[in-house]
Amino acid sequence: MPEPPFLAACRREPTDRTPVWFMRQAGRYMPEYRAARAQQGILEMCHKPKLVAQITLQPVERLGVDAAIVFADILLPFEPLGVGLSYASGGPKIWRPIRTPADVDKLEHVDPARHLAYCLEGVREAKAALAARFPAVPLIGFAGAPFTLASYAIEGGTSRTFETTKQFMYTHAGAWHGFMERLAELVGSFLALQAAAGADALQLFDSWAGCLSCADYQEYVLPHSRRAIELASAAGVPVIHFGTDTSTLLELMAEAGGDVIGVDWRIPLDVAWARIGGRAVQGNLDPAVLFAPPEVLERRVKEVLRRAGGRAGHIFNLGHGIQPGTPVENVKRVVDLVHGRA
Ligand code: CP3
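Right, let's walk through the structure included here. As the structure is a prediction and not an experimental result, all values here were calculated from the model. (Residues numbered from 1 in each chain as written. Predicted model: local features only at pLDDT ≥ 70, side-chain atom pairs only at ≥ 80, totals over all residues. Heavy atoms only, no water.)

Some thoughts on the site of the ligand
Phase 1: Taken together, 22 residues are adjacent to the ligand, and Arg28, Tyr33, Arg37, Ser207 and His320 come closest.
Phase 2: For the ligand, an oxygen atom lies 2.7 Å from a polar atom in the backbone of Arg24.
Phase 3: In the model, an oxygen atom of the ligand is placed 3.0 Å from a nitrogen or oxygen of the Ala26 main chain.
Phase 4: Coverage of the ligand by the protein amounts to 90% of the 860 Å² it exposes when considered alone.
Phase 5: Mapped by element, the contributors of at least two residues to the shell around the ligand are helix H2 (31-37) and strand S3 (91-94).
Phase 6: Here the residues of the shell around the ligand are counted per class, giving 14 nonpolar, four polar and four charged. (Near = heavy atom within 4 Å. Polar contact = N/O pair within 3.5 Å; in protein donor to acceptor, adjacent residues only side chain to side chain. Areas by Shrake-Rupley, 256 points an atom, 1.4 Å probe, with all protein chains shown as cover. Helix = DSSP H or I, 4+ residues; strand = E, 2+ residues; numbered from the N terminus. Nonpolar A, V, L, I, M, F, W, Y, C, P; charged D, E, K, R; others polar.)

Comments concerning unusual backbone geometry
Phase 1: Note that the residue after Gly283, namely Asn284, is joined by a cis bond; omega there is -10°.
Phase 2: By secondary structure assignment, the location of Asn284 is in strand S8 (residues 280-285).
Phase 3: Even without a glycine there, the phi angle at Arg12 is positive, about 60°.
Phase 4: Turning to its location among the elements, Arg12 is positioned in the loop between helix H1 (5-10) and H2.
Phase 5: For Arg12, a relative accessible area of 43% corresponds to the partly exposed category.
Phase 6: The phi dihedral of Phe162 is positive, around 60°, even though this residue is not glycine. (Buried < 20%, exposed > 50% of the residue type's maximum accessible area, 1.4 Å probe, protein only.)

Here's the deal with the sheet that holds strand S4 (residues 139-144)
Phase 1: In space, the seven strands of this open sheet follow the order S1-S4-S5-S6-S7-S8-S9, with parallel pairing throughout. At either end of the open sheet lies a strand with only one pairing partner, and these are strand S1 (68-69) and strand S9 (314-318).
Phase 2: Note: S8 against S9, five bridges, orientation parallel. Bridge assignment links Gly283 to a residue of S9, and that residue is Phe316. (Pairing = 2+ DSSP bridges.)

What about the packing of aromatic side chains?
Phase 1: Applying the stated rule across the entire model yields six aromatic pairs.
Phase 2: Residues Tyr170 and Tyr220 carry aromatic rings whose centres are separated by 5.9 Å and whose planes lie at 75° to one another, so their mutual orientation is edge-to-face. On the criterion of sequence distance, the pair formed by Tyr170 in helix H10 (residues 163-171) and Tyr220 in helix H12 (residues 214-233) is long-range, its members being 50 residues apart.
Phase 3: Pairwise contacts between aromatic rings join Phe142, Phe205 and Phe242 into one cluster.
Phase 4: The ring centre of Trp95 lies 4.5 Å from the NZ or CZ of Lys93, which sits over that ring. (Phe/Tyr/Trp six-rings, centres within 6.5 Å; stacked < 30°, edge-to-face > 60°. Lys NZ or Arg CZ within 6 Å of the ring centre and 35° of its normal.)

What is shown is where atoms sit, not what they do.
Next comes the structure, spelled out in structure tokens:
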């Protein structure tokens, strides 16, 4: 079987068509997902490997995307870490946020092979389901990057300004680095285990790293992302390094590692690619364009493709995840436009 276009693009090999998938492609914008979700909470869903496989395949069935991403969440390691995790309508809630160095010391030791075994089982089930029904579609495993996880653990939930996180980082530099080292080992080894369980590629989500200055990213974050990516890369599958609002950080993110660098819509794809240099790139349609009328949608999709210029190593994606309420038919139309069928 020829190599799937998504994996070829990760390796910057030429493909007959641009591969496309979407961050958050399984989720509330999709009626099939909402039907399963109506019965139970997201945490409960993540704990059921057969259901995980089913939800992972929904966007492959419905949209014809070139990759599946295992259904899970970046915050799942918070359960065994002992900080308390639940999801409410306003977003995730961490019940015992990390506010002092003593809070870091109190964290439980997490062994992903044991404490996140149910996620690895989800990866195995998803891979088996794909092999049976869509053998040419690769599976992506993922984890949150140390900074993005630390920000949730410290803020206690979603934040706009990350003041509490930055205050901790500046005030307790030793405890910060200790916490980040632990998170890097955890997510790096968790990613490698997902590859061993069947993931064909891995994505590290550093969704909120863009709130940092270059100097702070370099000092407080880069070594830890590098360590996580080094551990993940040892599994021998491509690693995608993703962040948003990272126009100023792209070179540093590339320095931290990743075969593919995720790019958001705030910067033209070709400008970003020139700065990143010899890596593959993933992106970078604004998720809000999925709410636009057909002619604007088509113009913006073609604009991304024009800037990629048919060069090997472009994976089409959004610059961030699909929003709830997105019309499914528009997502499908993007797949068809990228595949040259619309
Ligand atoms: O991409 C996929 O289809 C795979 C599944 C996936 C989820 N979360 C499922 C989910 C992935 C890859 C994630 C990653 C994730 N989770 C990130 C990084 C990507 C990004 O968007 O920046 C972050 C920051 C989180 C943390 C998180 N989980 C938030 C902030 C929320 C609440 C906001 C929201 O979108 O609902 C979640 C919950 C969550 N994770 C849902 C899903 C499908 C919605 C849960 C529900 O059904 O109510």
